[in-house]
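Inside the fold
As a plain string of letters, each chain reads:
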Amino acid sequence: MSTSLELQHTVGKTASLSGTSLHTGEKVSLRLHPATVDHGIKFKRKDLPDEPTIDARIDNLKMVERATTIGEGSIRVHTVEHVLAALSAMDVDNAIVEMDANEPPIGDGSAQPYVDLIKKAGVIAQEEARKFFDVREPMHVESKTGALLVLLPCETFRVSCTQAGPNNRFAQFLSMEITPATFEREIAPARTFVYYEDVRPLMEKNLIKGGSLENAIVVRGEAVLSKEPLRFADEFVRHKILDIVGDLALAGRRIRGHVVAVKPGHAANAELARALAREQTRRSAMSGSHAIPIGDAGLDTGEVMKILPHRFPFLMVDRVIGFEGEYKITAVKCVTINEPFFQGHFPGHPVMPGVMQVEAMAQVASLLLFKLTKTTSRIGYFMSADGVKFRKPVFPGDTMFIHAELTRSRGERMAKTKCYCVVNDAVVSEGELMFTFLDK
Ligand SMILES: [Zn+2]
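In every chain, residue numbers begin from 1 and rise along the written sequence. Where totals are concerned, whole chains, interfaces and linings use all residues; where local detail is concerned, this predicted model gives features only for residues with pLDDT of at least 70, and gives and counts side-chain atom pairs only at 80 or more.

Okay, the packing of helix H1 (residues 81-89) against helix H2 (residues 112-121) next. Each axis is a line fitted through C-alpha atoms, taken for helices only over the stretch in contact, and angles between the N-to-C directions span 0 to 180 degrees. Strands here mean DSSP runs of E at least two residues long; helices mean DSSP runs of H or I at least four residues long; both are numbered from the N terminus. As a packed pair, H1 and H2 sit with axes 9 Å apart at the nearest point and diverge in direction by 45 degrees. Taken together, H1 and H2 sit at an angle that is classed as oblique. Considering how the two elements wind past one another, H1 and H2 form a crossing that is right-handed. Each of His82, Val83, Ala86 and Leu87 in H1 lies in contact with H2, whose residues at this interface are Tyr114, Val115 and Ile118. Each angle receives one of four descriptions, namely roughly parallel if under 35 degrees, roughly antiparallel if over 145, roughly perpendicular if within 65 to 115, and oblique otherwise. Handedness of a crossing follows from how the near helix is turned relative to the far one, being left-handed for an anticlockwise turn of less than a right angle and right-handed for a clockwise one. What counts as a contact here is a pair of residues whose C-beta atoms, placed from the backbone, lie within 7 Å.

Spelled out as structure tokens, the structure:
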């Protein structure tokens, strides 16, 4: 099993590769350079003034038609998925991919040239720990075209994929753990394939000027046209796995989880990467500072009680530990066995009632609204709670961090907040709370 103490890696030295780009048909040379810790993968357009770089991150995703395109402003880099798959699967966290065109060389349509390039450059450990995304709960994305991707908890990075062509021709299934060794042997050599019926429209859209039987397999009816014979009987599903690994690399973290994909494509892959990045952002926002500040940064119990009318046993906030701008607040409540509700909920098995967690959310949200309106003459009344979920039990001895974020407000009359209660970095409950303001 991999541990969270795994180190980040980069390439040992610069190595280069040249070839033809698939969509434009132009000559391109690519140089892979080492990069510092936490740099991530960045593409550099050497052919443009000022040599702009583009972060290989899902926020920069621009297009998913046939291939994955990223960009910033008017700068684009097309077909990044094969080089990203190779970098991620071969354990390279940090690198600069410098190119003198808007697309890497297509090579033979597989990730093999990039694996060779990475091996030529070497892979070396760096001094910082690698960042992971641990799948804690199942996530999924589904597209109208029939793609379904499910992400399940797993201690390693696994992909199980079912691919099927038009009329379910060439239905193939493969499941495997992705490591540098399995990727190099089983996945990297698998080439891009296209269905003949899809090729003509692509040519009309000017998308595959550099395409030929040397860098793609063409499937026409039951026939498979390619320069060299199939490298695997199930080469297509292997290439689908390659694309999944490459597209998910845009999430920016190594995944510990099991991807179960049915008829995947770049759009669905990218959508899962986006969901993952969003979940990561949410988790980062959740992990409250554990050094609890005093003074101006927050509000102590006395200050909380000046704002909230609640008193024992109904005051569910010990202290506000911070505000983030105008719209976010984090507070803390230490849950002790002396809470009166534990006596009856339940004798011999004390569990904090869910409604008390919602009460805590409402009180923290009220503190945020107070800061926003800066008046005590109007009071926010708790109107409704939507999407309330209780995910984990809260026990005596738990320190509960309560987060509230203003998501909508209508003048001085109405406000909506998204709230979470977090214990040990895990969300124990959440809900969307609505308030209306009335004069006292
Ligand atoms: Zn591909």
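Having seen the model, we can carry on.
With that out of the way, let us pick up the pairing of strand E14 (residues 157-163). The two faces of E14 differ: Phe157, Val159, Cys161 and Gln163 on one face are buried, but Arg158, Ser160 and Thr162 on the other face are not. Strand pairing is assigned whenever DSSP identifies at least 2 bridges connecting the two strands. Relative to strand E19 (residues 254-262), E14 is paired through six bridges, and the arrangement is parallel. Paired with Ser160 across the bridge in E19 is Val260. Across six bridges, the pairing between E14 and strand E15 (residues 172-177) is antiparallel. When the sheet's bridge partners are listed, Thr162 is paired in E15 with Phe173. The burial label depends on the number of other C-beta atoms within 10 Å of a residue's C-beta. Counts of 20 or more mean buried, 12 or fewer mean exposed, and intermediate counts mean partly exposed, with C-beta atoms placed from the backbone.

This part is about the sheet that holds strand E8 (residues 75-77). Sheet strands line up and pair through hydrogen bonds in the backbone, either parallel or antiparallel. Taken together, the three strands give an open sheet; going across it, the order is E6-E7-E8, and neighbouring strands pair in antiparallel fashion. With one partner strand each, in any of the chains shown, strand E6 (61-63) and E8 form the two edges of the open sheet. Taken pair by pair, the neighbouring strands of this sheet meet at an average axis angle of 40 degrees, ignoring direction. Taken together, the three bridges between strand E7 (residues 69-72) and E8 define a ladder with antiparallel strand orientation.

Right, let's get into the nonpolar core. Connectivity within a nonpolar core runs through C-beta atoms within 7 Å, and the core itself is a set of buried Ala, Val, Leu, Ile, Met, Phe, Trp, Tyr and Cys residues. Core analysis: the biggest nonpolar cluster contains 67 residues, and Ala86, Leu87, Ile118, Val245, Leu248 and Leu250 have the highest contact counts within it. A per-element tally of this core places helix H5 (residues 235-248) first, with seven residues. When sequence neighbours within four positions are dropped, the list of residues in contact with Leu250 reads Ala56, Arg57, Ile58, Leu61, Ala270 and Ala273. Residues Leu299, Val317, Met356 and Val422 belong to the second largest nonpolar core, which totals 35 residues.

The subject of this paragraph is the environment of Arg391. Looking at the secondary structure, you find Arg391 in the loop between strand E22 (378-390) and strand E23 (399-410). Taking C-alpha positions, Arg391 is 17 Å from Asp134, a pair spaced 257 residues apart along the chain. With residues near it in sequence (within four places) discarded, Arg391 still touches Val427, Val428 and Ser429.

The strand order E20-E21-E23-E24-E25-E22 describes an open sheet built from six strands, whose pairing is antiparallel. If you trace the sheet from one side to the other, it starts and ends with strand E20 (319-324) and E22, each paired once. Strand-to-strand twist of the sheet, defined as the mean angle between neighbouring strand axes without regard to direction, takes the value 25 degrees.

Everything listed is a geometric property; what it means functionally is a separate question.
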